[in-house]
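These are the residues of each chain, in order.
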Amino acid sequence: MILIGERINGSFKDIGAAIKEKKKAPIQEWAKKQTEAGADYLDVNLGAVSKSPEDFSWLIKTVCEAVPTPLSVDCNKLELMRAGLETHREVAGSRPLIINSTTAEESKLMPLVELAVKYDGGLIGVVMDERGSPQDVDRRVELGAKIFAVASEAGLTPDRIYLDPIVMPLKFMQEQGKNVLEAIRQFAMISDPPPHISVGLSNICSKAEERGLINRTFLVMAMAAGCDAAICNVMDTELVNAVATAELILNKEIYSDSYLKAYRKRA
Ligand code: THG
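The structure reproduced in this document is the subject of the present report. (Residues numbered from 1 in each chain as written. Predicted model: local features only at pLDDT ≥ 70, side-chain atom pairs only at ≥ 80, totals over all residues. Heavy atoms only, no water.)

Notes on unusual backbone geometry
So, point 1. Note that the residue after Asn 100, namely Ser 101, is joined by a cis bond; omega there is 20°.
So, point 2. With respect to the helices and strands, Ser 101 occurs in strand β4 (residues 97–102).
So, point 3. Cis geometry is found at the peptide bond from Asp 192 to Pro 193, where omega equals 0°.
So, point 4. One can find Pro 193 in the loop between α7 (176–187) and β7 (196–200). (Helix = DSSP H or I, 4+ residues; strand = E, 2+ residues; numbered from the N terminus.)

Right under this line is the structure:
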């Protein structure tokens, strides 16, 4: 499982304030904590606190200086993404990265695929288009297949393509959970080998009680359906333990009595 730490996101109060005040310490502390917890990538997102390319570049530089962990460069504005990726190249050289994200929209898909080629990154494709996010399975799969086809045609191999079925809040869109799981099953059949399948996990527990339980139950179900990457709270020990256990049950890791310890040290 590819664990992408969600915490460096301007929508969290402490990170939002640190971005506004250009304070590196809180951001760098979260970079270190998530790395120690076993994050494979760190998602880096300004949230709603800024739309400035300079701020995005500053945030990326701040994280890259603190840890060697690869980033998931997360924004939905092409101009910010260009600035962020250029900064990433300056400060991190050829360190692996994920570009988060493109959609199937005409104005975004080719430009972002070209950026993934240029910067030698992975690319998350979120299955929405000009009409917004689909509610049904078929439209999700249609858009996933379109993103996969365009990215493949441009030379991205399946291991560099991540399809995201768009996880919705359980509290408000209860019927979407099973549609997401079915879309994941069908994404896994798009090619052989399949692309990665990635979820923004914490969307599921938005405004709900029992956040941890909802997150880990859903992630285990998503893994059984074929999901192999998640932007999530890597500090949640019970979540990571559930992931490690699901990996055993799916026969992706070898059993040992100390498998939880082993999973934490895997990187
Ligand atoms: N797909 C892709 N990228 C994404 C998402 C996705 N990036 C952003 C987001 N969704 C994933 N990251 C988060 C980070 C934090 C939270 C949810 C998703 C979160 N937010 C709190 C809440 O909603 O209650 C608010 C923050 C707070 O507690 O202060 O937990 O789907 N490709």
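Focus on helix α3 (residues 53–66)
So, point 1. A rise of 1.5 Å per residue sets the reference length of α3, with its 14 residues, at 20 Å; its end C-alpha atoms lie 20 Å apart and thus fit the reference within 8%.
So, point 2. Of all the positions in α3, only Asp 55, Phe 56, Ser 57, Trp 58, Leu 59, Ile 60, Thr 62, Val 63 and Cys 64 are classed as buried.
So, point 3. Considering only its buried residues, α3 is in contact with β1 (2–9), α1 (13–21), α2 (24–36), β2 (41–45), β3 (71–74) and α4 (78–92). (Expected span 1.5 Å × (residues − 1). Buried < 20%, exposed > 50% of the residue type's maximum accessible area, 1.4 Å probe, protein only. Contact = heavy atoms within 4.5 Å.)

Some points on the site of the ligand
So, point 1. In the vicinity of the ligand lie 15 residues, with Asp 74, Asn 100, Asp 164, Asn 203 and Arg 211 positioned nearest.
So, point 2. A distance of 2.6 Å is found between a nitrogen atom of the ligand and a side-chain nitrogen or oxygen belonging to Asp 164.
So, point 3. Contact distances for the ligand include 3.2 Å between an oxygen atom and a side-chain N or O atom of Arg 211.
So, point 4. In the complex, the protein chains occlude 74% of the 670 Å² of accessible area that the ligand would expose alone.
So, point 5. Contributions of two or more residues to the shell around the ligand are made by β1 and β5 (122–126).
So, point 6. In the shell around the ligand, the residues fall into four nonpolar, seven polar and four charged. (Near = heavy atom within 4 Å. Polar contact = N/O pair within 3.5 Å; in protein donor to acceptor, adjacent residues only side chain to side chain. Areas by Shrake-Rupley, 256 points an atom, 1.4 Å probe, with all protein chains shown as cover. Nonpolar A, V, L, I, M, F, W, Y, C, P; charged D, E, K, R; others polar.)

With respect to the sheet that holds β5
So, point 1. The eight strands are arranged β1-β2-β3-β4-β5-β6-β7-β8 in a closed barrel whose pairing can be described as parallel. For this sheet, the mean angle separating the axes of adjacent strands, direction not counted, is 25°. (Pairing = 2+ DSSP bridges. Axes fitted to C-alpha atoms, helices over the stretch in contact; angles between N-to-C directions.)

Brief notes about the nonpolar core
So, point 1. Met 1, Ile 27, Val 63, Ile 99 and Leu 219 are the most contacted members of the largest nonpolar core, which totals 89 residues.
So, point 2. Beyond its immediate chain neighbours, meaning those up to four positions away, Val 63 contacts Ile 8, Ile 27, Ala 31, Leu 42, Val 44 and Leu 71. (Core = buried A, V, L, I, M, F, W, Y, C linked by side-chain atoms within 4.5 Å.)

Quick look at the packing of α3 against α4
So, point 1. One way to put it is that α3 packs onto α4 with a least axis distance of 8 Å and a crossing angle of 30°. In terms of their interaxial angle, α3 and α4 are classed as roughly parallel. Two packed elements cross with a definite hand, and for α3 against α4 that hand is right-handed. Residues Pro 53, Phe 56, Ser 57, Ile 60, Lys 61 and Cys 64 of α3 lie in contact with α4, whose contacting residues are Leu 80, Ala 83, Gly 84, Thr 87, His 88, Val 91 and Ala 92.
So, point 2. Across the contact of α3 with α4, the residue classes tally to eight nonpolar, four polar and one charged. (Parallel < 35°, antiparallel > 145°, perpendicular 65-115°, else oblique. Left-handed = near helix turned anticlockwise from the far one by under 90°.)

Notes on the pairing of β1
So, point 1. In terms of burial, β1 is a largely internal element, eight of the eight residues being buried.
So, point 2. Pairing of β1 with strand β8 (residues 229–232) involves four bridges; the strand directions are parallel. Note that in β8 the partner of Gly 5 across the bridge is Cys 232.
So, point 3. Looking at chain direction, β1 and β2 are connected through four bridges and run parallel. Bridge pairing links Asn 9 to Asn 45 in β2.

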